[in-house]
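Listed below, chain by chain, are the residues.
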Amino acid sequence: MTLVAGVDSSTQSCKVVIRDAETGELVREGRASHPVGTEVDPAAWWAALQDAVNTAGGLDDVAAISVGAQQHGMICLDDRGVVVRPALLWNDTRSAADADELVIELGGGDAQTGAKAWAQAVGTVPVASFTVTKLRWLARHEPANARRTAAVCLPHDWLSWQLAGAGDLAALATDRSDASGTGYWSPSAGEYRPDLLTRALGFAPALPRVLAPQESAGRTTQGAILGAGAGDNAAAALGIGAKPGDVIISIGTSGTVFAVSVTPTSDASGAVAGFADATGHFLPLVCTLNAARVLDATAAMLGTDAAGLALLAESAPAGADGLVVVPYLEGERTPNRPTATGAIHGWQLANSTPAHLARAAVEGMLCGLADGLDALIAQGVQVERLLLIGGAARNDAVRRIAPAVFGLPVAVPAAGEYVADGAARQAAWALLGGAEPPAWETSTSEIYDAVPTPDVRARYAEVRDLTAQSVG
């Protein structure tokens, strides 16, 4: 049996799966925690990867490995390859004003013109999550660190580089999916935009070379083939075996709605990010900052756990008798309101129960994702199947309420480490070759359906935009 390994270096933890390269059969796995926060020393990710690998029984018998990781994070390296400052993660919103400034600048002083120009250039309109905005923040607030920066890379790039022995900066490599989340690489053209990078930072440092999906980034210090790697959502799509027509709704730390598409997208509204996927296609994506942790926070407020929250939510009527939660607990990315806060609307004596609040929290989180689904459809994405994945997809209330809010049946695959699985499948592809990734058997899905509740969406839409008036 030839073995391959896949890594998921997420915001909260590192997971490693080791699978049979031919069949995809799981052989063993391991995990380790990451530190909390939106600013993290990359050395903590490397330590967690070592711990997860050790828990998984090591890599001595592994022929290939690939890394999937959280997107957008800014890692700056000096000319010796030393990390200049802690990495800024995707959920760090301090560069919100810099994002606005970059959009206006490219539009010659007009935000609408600038948004269109950015969307045409790189498929996305900058928001605080993207690397390009963090580089502008660095140039403005830490000019000495900006001047020390000889190269910029992303979390999966840096971890792959470490696995290869962290040689010179020329050895840095990335893939299409992760490069497409920087704000200075064009998925449609397949090339960097150094002019946009220079606009942000003031100069153009070295960047990782962008590999094809099945291309190798070299070898690890143990001799294993190193796959190209991928951003977390692209890896998840590969792990779940998504095809054109599939829309994946992932509810984890963030909420994402994304689809495999054969054509690139360019959304000047900024709602849909025109990313690339891990197979050579494209991955139009909508991301919300507030997802599973909305449910965690609500459960904590109610003195219960996830199962208890589900029971409460399902005991309340659809629409929670008018109670609406707008769950912008950590600002929001879609819509772009980085300084917004959460809100509760329609509070009355009749709905002042734990069950009503639980129901409203689940519905509010799902309504934000349903808005994302609408945005994908508006970009011409075809929806043949909805797949619900992520930690919160295991919550019974989420599974049962989701089809009512989305207005479509949802398929819930068996719980799995889809990002790590996608990375392992990519590693097998790099090892075995071929025009397509190996045809591993994917898990069966349980189908959930419900009577649509359009009134829930309508009521949410009535109050959602009131949050924009409460922030300065």
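Above this text sits the structure in question.
Residues numbered from 1 in each chain as written. Predicted model: local features only at pLDDT ≥ 70, side-chain atom pairs only at ≥ 80, totals over all residues. Heavy atoms only, no water.

Q: Just checking my understanding: could you explain the overall build of the protein for this structure?
A: Broken down by element type, the protein carries 15 helices and 24 strands. On C-alpha atoms alone, the protein measures out to a radius of gyration of 21 Å, which is about the 23 Å that the 2.2 N^0.38 rule sets for 472 residues. Each principal axis of the C-alpha atoms in the protein carries an extent, and together these give about 65 × 55 × 40 Å. Burial analysis of the protein (472 residues in total) assigns 59% to the buried set. Considering only intrachain contacts with a sequence separation of at least 6, the fraction spanning at least 24 residues in the protein is 72%. Of the accessible surface of the protein, which amounts to about 17,500 Å², a share of 52% is contributed by carbon and sulfur atoms. Placing the 31 positive and 50 negative side-chain charges of the protein at their respective mean positions leaves the two points 4 Å apart. (Helix = DSSP H or I, 4+ residues; strand = E, 2+ residues; numbered from the N terminus. Rg over C-alpha atoms; globule rule 2.2 N^0.38 Å. Buried < 20%, exposed > 50% of the residue type's maximum accessible area, 1.4 Å probe, protein only. Contact = heavy atoms within 4.5 Å. Areas by Shrake-Rupley, 256 points an atom, 1.4 Å probe, with all protein chains shown as cover. Lys, Arg positive; Asp, Glu negative; His and termini not counted. Charge placed at Lys NZ, Arg CZ, Asp CG, Glu CD.)

Q: Where do I start with the pattern of salt bridges in this structure?
A: Any two side chains of opposite charge can pair, on the condition that their charged atoms come close. Scanning the model with the defined rule gives 28 salt bridges in all. In this structure, D61 and R28 form a salt bridge, with 2.7 Å as the shortest nitrogen-oxygen distance. One end of the pair, D61, is in the loop between α1 (42-55) and β5 (62-69); the other, R28, is in strand β3 (residues 26-33), with 33 residues separating them in the sequence. The partly exposed category is assigned to D61, whose relative accessible area is 42%. Measuring nitrogen to oxygen at the nearest pair gives 3.0 Å for the salt bridge that ties D246 to R385. With D246 in strand β16 (residues 246-251) and R385 in strand β22 (residues 385-389), the pair connects residues that are 139 residues apart, well separated along the chain. The exposure class assigned to D246 is buried, which follows from its relative accessible area of 7%. A relative accessible area of 35% means that R385 is categorised as partly exposed. Salt bridges linked by common partners bring D98, E101, E105, R136, R140 and R199 together as one network. (Salt bridge = Lys/Arg side-chain N within 4 Å of Asp/Glu carboxyl O.)

Q: Would you take a moment to explain unusual backbone geometry for this structure?
A: Excluding glycine, residues mostly carry a negative phi; peptide bonds, for their part, are mostly trans. Looking along the chain, the bond that leaves T334 and enters P335 is cis, with omega of 0°. Following the sequence through the fold, P335 ends up in the loop between β20 (324-326) and β21 (343-345). Unusually for a residue other than glycine, H72 sits at a positive phi of about 75°. With respect to the helices and strands, the residue H72 is situated in the loop between β5 and β6 (75-77). Of note in the backbone geometry, A166 takes a positive phi value of approximately 50° without being a glycine.

Q: What should I look at first to understand the nonpolar core in this one?
A: Buried together is how nonpolar side chains tend to be arranged in soluble globular proteins. Counting residues in each nonpolar core, the largest one holds 47 residues, and the members touching the most others are L135 and I248. When residues in this core are grouped by element, the largest group, six residues, is from helix α9 (residues 232-240). Residue contacts for I248: discarding those within four places in its chain leaves A237, I240, A242, T256, V257, F258, L387 and I389. (Core = buried A, V, L, I, M, F, W, Y, C linked by side-chain atoms within 4.5 Å.)

Q: Would you mind going over the packing of helix α10 (residues 292-301) against helix α12 (residues 354-378) with me for this structure?
A: Helix-helix packing is characterised by the crossing angle of the two axes and by the distance between the axes. Interaxial distance between α10 and α12 falls to 9 Å at its minimum, and their mutual angle equals 170°. Considered as vectors, α10 and α12 are oriented roughly antiparallel to each other. Residues A292, V294, L295, T298 and M301 of α10 touch α12, and the partners they reach there are L357, A358, A361, V362 and M365. For the contact of α10 with α12, the per-class residue count stands at nine nonpolar, one polar and no charged. (Axes fitted to C-alpha atoms, helices over the stretch in contact; angles between N-to-C directions. Parallel < 35°, antiparallel > 145°, perpendicular 65-115°, else oblique. Nonpolar A, V, L, I, M, F, W, Y, C, P; charged D, E, K, R; others polar.)

Q: Any chance you could explain the pairing of strand β17 (residues 255-259) here in plain terms?
A: Successive side chains on a regular strand alternate, one facing one side of the sheet and the next facing the other. Here β17 lies mainly inside the structure; five of its five residues are buried. The two faces of β17 match: G255, V257 and A259 on one face and T256 and F258 on the other face are all buried. The sheet contact formed by β16 and β17 spans five bridges and is antiparallel. Residue I251 lies in a different strand from β17, and its bridge partner there is G255. (Pairing = 2+ DSSP bridges.)

Q: Could you clarify how one ought to interpret the environment of D92 in this entry?
A: Counting through the fold element by element, D92 comes out in the loop between β7 (87-88) and α2 (96-106). Its relative accessible area of 4% is what places D92 among the buried residues. In the structure, D92 is positioned 40 residues away from V132 in sequence and 13 Å away in space, judged by C-alpha atoms.

Q: I would appreciate a short explanation of the packing of α2 against helix α4 (residues 131-141) in the present structure.
A: Across the interface, α2 lies against α4 with an axial gap of 8 Å and an inter-helix angle of 105°. As the angle between them shows, α2 and α4 are arranged roughly perpendicular. Seen from α2, the contacting residues are D98, A99, E101, L102 and E105; seen from α4, they are V132, T133, R136, W137 and R140. The class makeup of the residues in the contact of α2 with α4 is four nonpolar, one polar and five charged.

Q: Looking at this structure, how should I read α12?
A: Within an α-helix, residues lying three or four positions from one another point in the same direction, as the helix has 3.6 residues per turn. Its 25 residues place the ends of α12 36 Å apart at the C-alpha level, agreeing with the 36 Å of an ideal helix rising 1.5 Å per residue. Burial within α12 is extensive, with 20 of its 25 residues counted as buried. Trailing α12 by a residue or two, G380 shows a phi angle of about 90°, which is positive. (Expected span 1.5 Å × (residues − 1).)

Q: Which parts of the structure should I look at to understand α10?
A: Of all the positions in α10, only A292, V294, L295, T298 and A299 are classed as buried. Down the axis of α10, the smallest arc covering the buried residues is 155°, so these residues share one side. Projecting away from the buried face of α10 at angles above 90 degrees are the exposed residues A300 and M301. Buried-residue contacts for α10 involve β16, α11 (306-315), α12 and α13 (396-406). G303 sits one or two residues past α10 and shows a positive phi near 65°. (Arc of directions from axis to C-beta.)

Q: Is there a simple way to explain the side chain of R19 in this structure?
A: Assignment of secondary structure puts R19 in strand β2 (residues 13-20). Only 3.0 Å separates the side chain of R19 from the side chain of D421, close enough to count as a polar contact. Ignoring anything within four residues of it in the chain, the contact list for R19 reads T2, L3, V4, G24, E25, L26, V27, D421, A424 and W440. (Polar contact = N/O pair within 3.5 Å; in protein donor to acceptor, adjacent residues only side chain to side chain.)

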